[in-house]
Amino acid sequence: MNWLLFLKGADKSNWEVLQMNEPTLKKAMDTLEFLSQDREARRLYEERQKYLHDEASMIEWATEKCIAKGIVEGEQKKAIEIAKNMLSFGIEVSVIAKTSGLTESEVEALKD
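Residues numbered from 1 in each chain as written. Predicted model: local features only at pLDDT ≥ 70, side-chain atom pairs only at ≥ 80, totals over all residues. Heavy atoms only, no water.

Participant: Which residues make up the overall build of the chain, and what values go with them?
Facilitator: Per the secondary structure count, the chain includes 6 helices and 0 strands. Its helices and strands in sequence order give the chain the pattern α-α-α-α-α-α, from N to C terminus. Sequence separation of 24 or more characterises 14% of the internal contacts of the chain that already satisfy a separation of 6 or more. When the accessible surface of the chain is split by element, carbon and sulfur atoms take 58% of a total near 9,100 Å². (Helix = DSSP H or I, 4+ residues; strand = E, 2+ residues; numbered from the N terminus. Contact = heavy atoms within 4.5 Å. Areas by Shrake-Rupley, 256 points an atom, 1.4 Å probe, with all protein chains shown as cover.)

Listed below in structure tokens is the structure:
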């Protein structure tokens, strides 16, 4: 309810009452007060927000890339493990290659 009053533009004289039990509302009010002071402060604030947004995007992208890389590496390790097991049963290299997704030369290299 307090947020609605704040967002509707409640008179500044009522702000103290609105922010009593809501620390996040107080922070929003402080930020609005600060940004209302001058253009340079707003510009710096907007640059900081853009920087934080860009940084969060880069972290998200890097995380997704690392997860994808981990999945590919995990699949490769599993294929090798399956191929080794199949070799131990004497299954033909061509069949193992088709089954595991490895090349015949990769399967041959696992014989050693």
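Participant: Tell me what's going on with the packing of helix α4 (residues 39-88) against helix α5 (residues 93-100), and back it up with residues and numbers.
Facilitator: The interhelical angle for the contact between α4 and α5, taken along N-to-C directions, is 155 degrees, at an axis separation of 10 Å. One way to sum up the angle between α4 and α5 is to call them roughly antiparallel. In the packing of α4 onto α5, the handedness of the crossing is right-handed. Together, Ala79, Ala83, Met86 and Leu87 of α4 and Ile96, Thr99 and Ser100 of α5 make up the contact between the two elements. (Axes fitted to C-alpha atoms, helices over the stretch in contact; angles between N-to-C directions. Parallel < 35°, antiparallel > 145°, perpendicular 65-115°, else oblique. Left-handed = near helix turned anticlockwise from the far one by under 90°.)

Participant: Talk me through the pattern of salt bridges; I want residue IDs and the actual numbers.
Facilitator: For the coordinates displayed, the defined rule picks out 6 salt bridges. Here Asp54 makes a salt bridge to Lys50, at a shortest N to O gap of 2.8 Å. On the criterion of helical spacing, the pair formed by Asp54 and Lys50 is a turn pair, its members being 4 residues apart in helix α4. Through salt bridges that share partners, Glu40, Arg43 and Glu47 make up one connected network. (Salt bridge = Lys/Arg side-chain N within 4 Å of Asp/Glu carboxyl O.)

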